[in-house]
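# Residue-level structure breakdown
Listed below are the residues making up each chain.
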Amino acid sequence: MTSTSLPPSLIPTLPGEYYTDPEVFALEQERIFEAMWFCVARASELARPGQFRTCQVGGESVLVARSRDGGVRAFLNICRHRGARLCTQESGEVRRAFQCPYHAWTYGLDGKLVAAPNLTSMPDVDRGEYGLVGVHVREWLGYVWVCLAEEAPSFEDEVMGAVVERLGDVESIERYGVGELRVGRRITYDVKANWKLIVENFMECYHCATIHPELTEVLPEFADGYAAQYYVGHGAQFGERVRGFTVDGSEGVDRIPGVAEEQDRRYYAITIRPQVFVNLVPDHVIFHRMYPMAADRTVVECDWLYLPHVVEGGTDVERSVELFHRVNQQDFEACERTQPAMSSRAYARGGVLVPSEHHIGAFHDWVGERLRRPAG
Ligand code: FES
Ligand SMILES: [Fe+2]
């Protein structure tokens with residue numbers, strides 16, 4: 001069936017191969033994940049100088065570390081000598097330098113080459129020149145974002161712009177003080193599905209009535225299938241008898257003081273392409289980052305963020321965490337159920353989107369447009 005023969009209610013999805021083909025995935029790594037701003041870590045994981053974290057961004061391993069001057073620096077995690085991976089741990093802390101486990105070239109927290117066996121007998125080797133390869137880095141909402149492109153796109157346009165596009169203005173997220181909140185819980189999900197299935201799932205709520213019984217209890221309008229992301233500035237309203245955004249609708253924790261009256265008792269969802277989802281409710285923020293590992297595998301790290309005194313005072317956040325943890329499990333199960341079908345001949349030309357999902361078509365157009373764009 002071609003798109004021209006579809007009835008007006010339906011528009012086509014991407015063909016199945018977009019979710020399975022390693023060549024498409026390699027192009028996405030180059031033209032999406034390595035070209036755009038990519039969120040890698042919570043800044044509080046790098047609270048002290050020497051604390052570091054490594055993660056995969058596209059096809060590259062990236063090392064982010066807090067330096068002595070208090071700033072965050074990001075580098076390709078590759079030794080400049082003969083290319084060994086410098087840091088093999090996912091996170092940790094060094095005292096003052098990173099030492100390559102192969103021949104012991106040693107780099108300061110600012111990336112400069114500070115020592116190497118026999119380095120003094122090679123006075124012509126410039127220590128800055130042979131330092132680690134730096135990449136662009138920004139901190140926003142208490143997260144560290146990196147960009148591997150030589151010329152980074154505007155952070156304001158691409159990252160903040162995505163929030164403005166959804167909420168109408170940047171103040172609407174700033175009121176939640178996301179940077180000052182603390183991680184009350186982090187859960188990492190290893191999802192056997194293509195990253196785009198996870199994005200598409202997050203963008204629509206046609207599935208909510210079927211797979212999210214707890215969420216639709218709390219947000220009754222989700223039972224109609226229209227996602228919060230369907231309308232600009234719209235936040236889904238809590239049900240009348242719901243007291244908090246918890247698994248059983250019971251009272252939540254202390255409300256974030258800056259949240260405006262019109263934002264109270266509402267849930268807002270934002271997609272920051274390519275790999276971040278932000279969920280705002282009056283007493284916490286749920287922040288997802290996807291790390292696409294292969295065409296059929298995506299690691300999703302999800303943080304539940306609360307006011308500092310809630311986390312430090314040991315308030316019970318269990319029922320609050322449990323709601324979105326269930327939503328995550330329900331969503332990722334659905335994505336995993338869909339992934340094997342992507343290579344079926346039944347899906348060779350893709351599937352269809354119903355009207356409440358038509359905005360996903362714009363995401364598909366965007367992916368196609370990025371993949372056609374020459375690398376640069
Ligand atoms: S490869 Fe790192 S010191 Fe040789
Ligand atoms: Fe869902």
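Residues numbered from 1 in each chain as written. Chains lettered and ligands numbered in written order. Predicted model: local features only at pLDDT ≥ 70, side-chain atom pairs only at ≥ 80, totals over all residues. Heavy atoms only, no water.

### What about the overall build of the protein chain?
To keep things clear, this is the line we draw: A run of H or I in DSSP counts as a helix once it spans at least four residues, and a run of E counts as a strand once it spans at least two, with each numbered from the N terminus. Only C-alpha atoms enter the radius of gyration, while the globule expectation follows 2.2 Å times N to the 0.38, with N the number of residues. Exposed residues in this analysis have more than 50% of their type's maximum accessible area, buried residues have under 20%, and partly exposed residues fall in between, with area computed by a 1.4 Å probe over protein chains only. Note on areas: Shrake-Rupley with a 1.4 Å probe; residue coverage comes only from the protein chains shown.
In terms of helices and strands, the protein chain carries nine helices and 18 strands. Whereas a compact globule of 376 residues would reach a radius of gyration of roughly 21 Å, the protein chain reaches 22 Å, a difference of no more than 12%. Taken along its principal axes, the extent of the C-alpha atoms in the protein chain is 75 × 55 × 30 Å. By residue count, 53% of the 376 residues in the protein chain fall in the buried class. For the protein chain, the computed accessible surface area is about 17,100 Å², with 48% contributed by carbon and sulfur atoms.

### What to know about the environment of Val 159
Quick reminder of the rule: Should any heavy atoms of two residues lie within 4.5 Å, those residues are considered in contact.
Tracing the backbone through its elements, the reader meets Val 159 in helix H2 (residues 155-167). For Val 159, a relative accessible area of 2% corresponds to the buried category. Taking the C-alpha atoms as reference points, Val 159 and Val 276, separated by 117 residues in sequence, lie 9.6 Å from one another. Residues in contact with Val 159, not counting those within four places in the same chain, are Trp 37, Trp 140, Trp 145, Ser 154 and Ile 272.

### Things to note about the domain arrangement of the protein chain
Selection criterion: Domain start and stop positions are those given by an automatic or database domain assignment. By buried area we mean the combined loss of accessible area, with a 1.4 Å probe, across both parts when two parts are placed together. For salt bridges, the criterion is a side-chain nitrogen of Lys or Arg within 4 Å of an Asp or Glu carboxyl oxygen. Polar contacts, as used here, are pairs of N or O atoms within 3.5 Å; protein pairs need one atom able to donate a hydrogen and one able to accept it. Residues neighboring in sequence count only if both atoms are side-chain atoms. Residues are grouped as follows: nonpolar covers Ala, Val, Leu, Ile, Met, Phe, Trp, Tyr, Cys and Pro; charged covers Asp, Glu, Lys and Arg; every other residue, Gly included, is treated as polar.
For the protein chain, the domain assignment lists domain 1 (1-34 + 154-376) and domain 2 (37-152). In this complex, domain 1 contributes 29 residues to the contact, which on the side of domain 2 involves 24 residues. Both sides together, the interface formed by domain 1 and domain 2 hides about 2,300 Å², and carbon and sulfur atoms give 60% of it. Interface area lost by domain 1 to domain 2 is led by Glu 34, Phe 155 and Tyr 291, which between them contribute 28%. Summed over the shared surface of domain 1 and domain 2, the number is three salt bridges. Note that Glu 301 and Arg 53 form a salt bridge whose closest N and O atoms lie 2.6 Å from each other. At the boundary of domain 1 with domain 2, the tally comes to 11 residue pairs in polar contact (both at pLDDT 80 or more). Looking at the side of domain 1 that touches domain 2, the elements with two or more residues in it are helix H1 (22-33), H2, strand S12 (182-191), strand S16 (284-294) and strand S17 (297-306). The residue makeup of the side of domain 1 that touches domain 2, split by class, is 19 nonpolar, four polar and six charged.

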